[in-house]
Amino acid sequence: MIGSMEYLALSAGVLFGLAYLHFSQAIDWILVVLHYMFFRSKENFYGLYDNTEQESVYEHLKYTETLDVKDYADYLRLHQAARPSAYKRFRKYYDALVKVLLVRVAPITLLPAILFWSNWYYYVEGLLIAFIVLALYAILVKPRGAGARKRLMVFAVMRDYLKDNKKTK
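Reading the values: the criteria
Sequence order as written defines the numbering, with residues in each chain counted from 1. Reporting of local features is limited, given that this is a predicted model, to residues whose pLDDT is at least 70; pairs of side-chain atoms are given and counted only at 80 or more, and all residues count toward the totals for whole chains, interfaces and linings. To obtain the side-chain values, all non-hydrogen atoms of the structure were used and water was disregarded. A run of H or I in DSSP becomes a helix once it reaches four residues, and a run of E becomes a strand once it reaches two; helices and strands are each numbered from the N terminus. Categorising residues by exposure relies on relative accessible area from a 1.4 Å probe, with only protein chains included: less than 20% of the type maximum marks a residue as buried, more than 50% marks it as exposed, and the intermediate range marks it as partly exposed. Contacts are residue-level and defined by heavy atoms, with any inter-residue pair within 4.5 Å sufficient. Using the Shrake-Rupley algorithm and a 1.4 Å probe, accessible areas are obtained, with residue cover drawn only from the displayed protein chains. Take the buried Ala, Val, Leu, Ile, Met, Phe, Trp, Tyr and Cys residues and link them wherever side-chain atoms come within 4.5 Å; each set so joined is a nonpolar core. Side-chain rings of Phe, Tyr and Trp (the six-membered ring for Trp) are treated as a pair once their centres are within 6.5 Å; stacked means planes under 30 degrees apart, edge-to-face means over 60, and tilted covers the remaining angles. Put simply, a charge is over a ring when the Lys NZ or the Arg CZ is close to the ring centre, within 6 Å, and near the line of the ring normal, within 35 degrees. We define a salt bridge as a side-chain nitrogen of Lys or Arg found within 4 Å of a carboxyl oxygen belonging to Asp or Glu. Known as pLDDT, the predictor's confidence for each residue is given on a scale from 0 to 100.

Points about the overall build of the protein
Working step 1: Scanning the protein from terminus to terminus reveals 7 helices and 0 strands.
Working step 2: The order of helices and strands in the protein, counted from the N terminus, is α-α-α-α-α-α-α.
Working step 3: The burial tally for the protein puts 38% of its 169 residues in the buried class.
Working step 4: Residue pairs at least 24 apart in sequence account for 79% of intrachain contacts in the protein once pairs closer than 6 positions are excluded.
Working step 5: Per element, the accessible surface of the protein, about 10,300 Å² overall, is 66% carbon and sulfur.

Right, here's the structure in full:
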C-alpha cells in the first residue's frame, strides 16, 4: 500500500503542476524570473539594455509592440532617453514578479502537499517534473522563445517611460 500512495502523490503533483502552471501562465513568469536572475546587477542589466539598441530589435518592436515609434532614429532617441531610469523600473518589475511567485504561485502549488503528509516529497517531485516539462515546452515549442524574454523587460521599461512622459506633458 505504501507504493501506491507514493505513485498517487507523484502523479497528483505532475497533474496539478501541469494544470496550474499552464493555465495560470505561471511557467512564463518563472522563466522570466530565472532568465533575469543573471541581470539583477546594474552593470549586467545595462549591458542587456544597451544590446537592444540594434536595428533588428527595432524591426521586431515595430511588428509586435504598441510603442509610438515611427522610425529607427526615433527608437534610438527613446532608448537613450529611457536609459537613466531603466534599472530602477526593471528592479520594480522584477521584484514584483518574484513577490507574486513567492506569495501566490508557490503556496498554491505546495498546498496540496498537505494531502500527502507522509509522502509530500513525492508530490514536490511531481511538481518539478511538471515544471521541467512545461519549461521545455515553453522554450522549444512556443514561437516566442528566449528572444522574447530577453526583450520583455526592456520594452516594458521603454513603454512605462513613454507613459510617464505623456502624463507630464
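From this point, things continue past the structure.
Remarks on the nonpolar core
Working step 1: Ranked by internal contacts, the top residues of the largest apolar core, which has 40 residues, are Tyr-36, Tyr-49, Tyr-75 and Phe-90.
Working step 2: Among the elements of the structure, helix H1 (2–23), helix H2 (26–36), helix H3 (42–51), helix H4 (55–64), helix H5 (72–110), helix H6 (120–140) and helix H7 (146–168) are those that each provide at least two residues to this core.
Working step 3: Top element by residues in this core is H5. It accounts for 11 residues.
Working step 4: One finds Ala-9, Ala-113, Phe-116 and Leu-127 within the second-largest nonpolar core, a separate group that totals 5 residues.

With respect to the packing of aromatic side chains
Working step 1: In this structure the tally under the stated criterion is 15 aromatic pairs.
Working step 2: One aromatic cluster in this structure is built from Tyr-36, Phe-39, Phe-45, Tyr-46, Tyr-49, Tyr-87, Phe-90 and Tyr-94.
Working step 3: Sitting over the face of the ring of Tyr-46, Arg-83 holds its NZ or CZ atom 4.2 Å from the ring centroid.

Digging into the pattern of salt bridges
Working step 1: Here the structure, examined in full by the defined rule, presents 5 salt bridges.
Working step 2: Salt-bridge contacts for Asp-164 lead to Arg-89; the nearest nitrogen and oxygen are separated by 2.7 Å. Of this pair, Asp-164 sits in helix H7 while Arg-89 sits in helix H5, and the two are 75 residues apart along the sequence.
Working step 3: Note on Asp-164: relative accessible area 30%, which makes it partly exposed.

Some thoughts on the confidence of the model for the protein
Working step 1: Confidence in the prediction of the protein, expressed as mean pLDDT, is 84, and 88% of residues score 70 or more.
Working step 2: The lowest-confidence element of the protein is H4, averaging 71 in pLDDT; the highest-confidence one is H6, averaging 91.

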